[in-house]
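# A look at the structure
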Amino acid sequence: MGIEAALYVHIPFCRTKCPYCDFYSLPFPDPEKIPVKEFLHALKKEISLWQPLVETYEFVTFYVGGGTPSLIPPAFYQELFAFLKASLNFRPEEATIEVNPEGLTFEALSDYRKIFNRISIGAQSFTEKGLKALGRRHSVDDTQKAISLARKAGFSNLSLDMIYAWPGETLKELEHELELLFSFEPQHVSCYELTPEPDTPLWQAIKRKKITLLPEEQIIEFFWLIHDFLEDKGFEHYEISNYAKPGYQCKHNLFYWQARPYLGLGPGGASFLENKRFKNQENLVGYLEALRQEHFPPRDEETLDAEARFREAVILSLRLLKGISLSEFKRRFDFDVLDYYGEIIEKLVRNGLLILEKDRLRLSRKGLLLSNLVFRELV
Ligand code: SF4
């Protein structure tokens, strides 16, 4: 048994770009034109290059995200999965595929199910008005169909993604969205506030005053409505933006939040192994070209010293609502959180942003809303 780690594969293809999205993905209105074979070949090469460097790890989670992984046919993943099994210590107990609701068939979902035991559906909104405001290609009907086909195909672990605070959203509409979301009985829900990322079309439209975001007080009210609604329905709010039924927290994402090792493949792949961080440059052409020549793709590399690893782990782990265990951090990093941050933590506790209870330090209700401010102090 090796050191447990997570494995991520980035699929950088979408049909079109959503106006709020700043993930690296390339638009392919005709999915037939996606260079599937070449991409699979490059991924296999990247795995082979990593293979001697990750022999001490055992990959226990697998996550295929994007982009839009469901644009790629199941045979691609079957081959990739078999190659991963043959090359690495790869025994995922949780294997997730991200899908968009449009264009899914029962046959494709049944084939995905042979590899993946968890599905994450990018529903984003449960009203036509919201989907239009977000510039999504699908309808609420598509989402409904996708969920029922996924269930029929055998996905018993289903996560829904939702974006709230889209322009013009009212409290009544959010309540309606939550009721509909709940009627689909997901095991996991991710709720993200619509955030204008620099240089996206959404950001530009806001700058040109073509779109107005909701006022801060309303966003806060939405945040707590979602929290109260989902907790009332038996979900645990376990990370700032994530809720799960008991036993269904996303094991893969917990690796990131607990600052545990992960390997990321593909042109958007990021890895954190031992004391090193790697980030592939987001450039499909450069990625394919380097791997054709049997080199690692162009990437940025950074070595973190013990102190930097500790500070990063504090910030990541505070995203979890249960916070961090002071004794565990002392054992893992040999730094005492309270001694190390001293005054800073005292101030955050005094200002009601952090709560210190016996061995645990966690965000307060106020801290959950102002988490960026807290993290800026601890960085
Ligand atoms: S489908 Fe997802 S990854 Fe693709 S552009 Fe839209 S938000 Fe971004």
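Values in this document were obtained by computation on a predicted structure and should not be read as measured data.

Across its full length, the protein chain holds 16 helices and 17 strands. Taken over C-alpha atoms, the radius of gyration comes to 21 Å for the protein chain, in line with the 21 Å a tight globule of 379 residues would show. Along the longest, intermediate and shortest principal axes, the C-alpha atoms of the protein chain span 55 × 50 × 40 Å. Taken across its 379 residues, the protein chain has 52% of its residues classed as buried. Considering only contacts within the protein chain whose residues lie at least 6 apart along the sequence, 70% involve residues at least 24 apart.

Take the packing of helix H6 (residues 171–183) against helix H8 (residues 216–232) next. Contact pair H6 / H8: the axes reach a minimum separation of 11 Å and the direction vectors enclose 30°. By the criterion of interaxial angle, the relationship of H6 to H8 is roughly parallel. The element H6 and its partner H8 pack so that their crossing is right-handed. The residues of H8 that touch H6, namely those facing Leu171, Leu174, Glu175, Leu178, Glu179, Leu181 and Phe182, are Glu221, Phe222, Leu225, Ile226, Phe229 and Leu230. For the contact of H6 with H8, a count of residues per class yields ten nonpolar, no polar and three charged.

Okay, unusual backbone geometry next. Glycine aside, a negative phi is what most residues show, and trans is what most peptide bonds show. Here the bond from glycine 66 into glycine 67 is cis, since omega is 15°, no more than 30 degrees from zero. Locating glycine 67 in the fold gives a position in the loop between strand S4 (57–66) and helix H2 (74–87). In this structure, glutamate 185 takes a positive phi of about 50° despite not being glycine. Mapped onto the secondary structure, glutamate 185 falls in the loop between H6 and strand S8 (188–193). Given the relative accessible area of 55%, glutamate 185 is considered exposed. One non-glycine residue, lysine 209, lies in positive phi territory at about 60°. Secondary-structure assignment places lysine 209 in the loop between helix H7 (201–207) and H8.

So, about the nonpolar core. Leu7, Phe62, Tyr77 and Phe116 are the most contacted members of the largest nonpolar core, which totals 99 residues. When we break this core down by domain, the ones giving at least three residues each are domain 1 (3–257) and domain 2 (324–378). Not counting the four nearest positions on each side in its chain, leucine 7 is found in contact with Phe59, Thr61, Phe62, Tyr63, Leu84, Leu88, Phe90, His252, Leu263 and Leu265.

A word on the pairing of strand S11 (residues 262–265). Where burial is concerned, the two faces of S11 agree: the one with Tyr262 and Gly264 and the one with Leu263 and Leu265 are both buried. Pairing between strand S1 (residues 3–11) and S11: four bridges, direction parallel. Residue pairing across strands places valine 9 opposite leucine 265, the latter belonging to S11.

Let us now look at the site of the ligand. Residues in contact with the ligand, as listed here, are Cys14, Thr16, Lys17, Cys18, Tyr20, Cys21, Gly67, Thr68, Asn100 and Arg136. Tallied by class, residues from the shell around the ligand come to four nonpolar, four polar and two charged.

What follows covers the UniProt feature "domain: Radical SAM core" (unreviewed entry) in the protein chain. In this structure's numbering, the residues bearing the UniProt feature "domain: Radical SAM core" (unreviewed entry) are residues 1–236. Secondary structure content for residues 1–236 is 39% helix and 23% strand, and the end C-alpha separation is 31 Å.

This paragraph deals with helix H12 (residues 326–333). Leu326, Phe329 and Phe333 are the residues of H12 that are buried. Down the axis of H12, the smallest arc covering the buried residues is 60°, so these residues share one side. Buried residues in H12 make contact with helix H11 (306–317), strand S15 (324–325), helix H13 (337–341), strand S16 (354–357) and strand S17 (360–363). Within two residues after H12, aspartate 334 carries a phi angle of roughly 65°, on the positive side.

What follows deals with the sheet that holds S16. Judged by pairing direction, the sheet is antiparallel, and its three strands sit side by side in the order S15-S17-S16 without closing on themselves. Of all the strands in the sheet, the pair left with one neighbour each is S15 and S16. Of the strand pairs in this sheet, S15 and S17 are connected by two bridges, and their pairing is antiparallel. Across the sheet, the residue bridging to serine 325 is arginine 360, located in S17.

Rules used in this analysis
Residues numbered from 1 in each chain as written. Predicted model: local features only at pLDDT ≥ 70, side-chain atom pairs only at ≥ 80, totals over all residues. Heavy atoms only, no water. Helix = DSSP H or I, 4+ residues; strand = E, 2+ residues; numbered from the N terminus. Rg over C-alpha atoms; globule rule 2.2 N^0.38 Å. Buried < 20%, exposed > 50% of the residue type's maximum accessible area, 1.4 Å probe, protein only. Contact = heavy atoms within 4.5 Å. Axes fitted to C-alpha atoms, helices over the stretch in contact; angles between N-to-C directions. Parallel < 35°, antiparallel > 145°, perpendicular 65-115°, else oblique. Left-handed = near helix turned anticlockwise from the far one by under 90°. Nonpolar A, V, L, I, M, F, W, Y, C, P; charged D, E, K, R; others polar. Core = buried A, V, L, I, M, F, W, Y, C linked by side-chain atoms within 4.5 Å. Domains from an automatic or database assignment. Pairing = 2+ DSSP bridges. Near = heavy atom within 4 Å. UniProt positions renumbered as here; feature names shortened; annotations may be inferred. Arc of directions from axis to C-beta.

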